[in-house]
Amino acid sequence: MHKIVGTPKEVKYRNRKGAYLIPKKDDYIGVVKIPKGYFLLGGGMKKGETDQDCIRRECMEEIGYKVSVEYKIGSAEAYIENPKMGYYHPIQTYYAGELLEMVQRPIEHNHKLVWMKFEELYGKMYLEIQNWAIAEYWNRERRF
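A brief look at the structure comes next.

What counts as what
Residues numbered from 1 in each chain as written. Predicted model: local features only at pLDDT ≥ 70, side-chain atom pairs only at ≥ 80, totals over all residues. Heavy atoms only, no water. Helix = DSSP H or I, 4+ residues; strand = E, 2+ residues; numbered from the N terminus. Rg over C-alpha atoms; globule rule 2.2 N^0.38 Å. Contact = heavy atoms within 4.5 Å. Areas by Shrake-Rupley, 256 points an atom, 1.4 Å probe, with all protein chains shown as cover. Lys, Arg positive; Asp, Glu negative; His and termini not counted. Charge placed at Lys NZ, Arg CZ, Asp CG, Glu CD. Polar contact = N/O pair within 3.5 Å; in protein donor to acceptor, adjacent residues only side chain to side chain. Core = buried A, V, L, I, M, F, W, Y, C linked by side-chain atoms within 4.5 Å. Buried < 20%, exposed > 50% of the residue type's maximum accessible area, 1.4 Å probe, protein only. Pairing = 2+ DSSP bridges. Patch = residues over 30% accessible without salt bridge, like charges linked within 9 Å, V, L, I, M, F, W, Y side chains within 5 Å. Salt bridge = Lys/Arg side-chain N within 4 Å of Asp/Glu carboxyl O. Expected span 1.5 Å × (residues − 1).

Digging into the overall build of the protein chain
Across its full length, the protein chain holds 3 helices and 9 strands. Taken from N to C terminus, the helices and strands of the protein chain fall in the order β-β-β-β-β-α-β-β-β-β-α-α. Since a compact globule built from 144 residues should have a radius of gyration of about 15 Å, the 15 Å found for the protein chain is in line with a globular shape. For the protein chain, contacts bridging at least 24 residues in sequence account for 70% of all contacts bridging at least 6. Within the structure as shown, the protein chain displays about 8300 Å² of accessible surface, and the carbon and sulfur contribution to it stands at 49%. Positive and negative side-chain charges in the protein chain, numbering 24 and 20 respectively, have mean positions lying 3 Å apart.

In structure tokens:
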């Protein structure tokens, strides 16, 4: 499944490919909270990285955890006009997985791991495409 949010304008967008993990523990979803809001674990891909490599690196940096990447949920992209970043085009791929163990202190000190119930979290993600991703994940998990 692929979701597109927004309509591109005739301007140059800054593309940013990224890969993200949605971990579940009991009835809770793990996300990071930073000063500007809630985000999925993961981030922008470096040259030559696979989605799984990106997720593993970002989870180490953000929360200091080893992770297991299990299956692809879907992908999404958005066309956003951001006051600070200009025209921004995040292209994100989402995976289900789990946090295995904390093995180091996080490098990104403003990232705090929080566990929230889907009902508390949905609608609160900073990016609308990430709200869509957690809904896709939650609906799939409830079917099994």
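Some points on the side chain of Gln 130
Relative to the helices and strands, Gln 130 is located in helix H3 (residues 128-143). At a separation of 2.9 Å, a polar atom in the side chain of Gln 130 contacts the main-chain amide nitrogen of Leu 40. If we ignore the near neighbours within four places in the chain, the residues touching Gln 130 are Tyr 20, Phe 39, Leu 40, Gln 92, Tyr 94 and Met 125.

Looking at the nonpolar core
If you look at the biggest cluster of nonpolar residues, it comprises 38 residues, and the most contacted ones within it are Ile 22, Ile 29, Leu 40 and Tyr 94. At 7 residues, the largest contribution of residues to this core is made by H3. Excluding anything up to four places from it in sequence, Ile 29 contacts Ile 22, Pro 23, Val 114, Trp 115, Met 116, Phe 118, Leu 121, Ile 134, Tyr 137 and Trp 138.

Topic: the pairing of strand S6 (residues 65-78)
Pairing of strand S1 (residues 2-5) with S6, which is carried by 4 bridges, proceeds in the parallel orientation. Within S6, the position partnered with Lys 3 by the bridge is Ala 76. With 11 bridges connecting them, S6 and strand S8 (residues 86-102) associate as antiparallel partners. Looking at S8, one finds that Val 69 is bridged to Gly 97.

Structural notes on a negative patch on the surface
Taken together, the side chains of Asp 26, Asp 27, Glu 119 and Glu 120 present a region of like negative charge at the surface. Along the polypeptide, Asp 27 turns up in the loop between strand S2 (14-25) and strand S3 (28-34).

A closer look at helix H1 (residues 51-63)
Spanning 13 residues, H1 covers 18 Å between terminal C-alpha atoms, matching the ideal 18 Å at 1.5 Å per step. Counting buried positions along H1 yields 10 of 13 residues, so the element is predominantly enclosed. For H1, the complete set of buried residues consists of Asp 51, Cys 54, Ile 55, Arg 57, Glu 58, Cys 59, Met 60, Glu 61, Glu 62 and Ile 63. Buried residues along H1 sit against S2, S3, strand S5 (41-44), S6, S8 and strand S9 (112-117). Of the residues flanking the end of H1, it is Gly 64, one or two places downstream, whose phi is positive at about 75°.

Concerning the pattern of salt bridges
According to the stated counting rule, one finds 5 salt bridges in the structure shown. For Lys 24, the salt bridge identified is with Glu 141, shortest N-O distance 3.6 Å. Taken as a pair, Lys 24 in strand S2 and Glu 141 in helix H3 lie far apart in primary sequence, 117 residues in all. Assessed through its relative accessible area of 22%, Glu 141 is described here as partly exposed. Glu 49 is the salt-bridge partner of Arg 57, the closest N and O atoms lying 2.6 Å from each other. Here Arg 57 matches Glu 49 in class, with each residue buried. Each of the salt bridges in this network shares a partner with another, and the network as a whole consists of Glu 49, Arg 57, Glu 58 and Glu 61.

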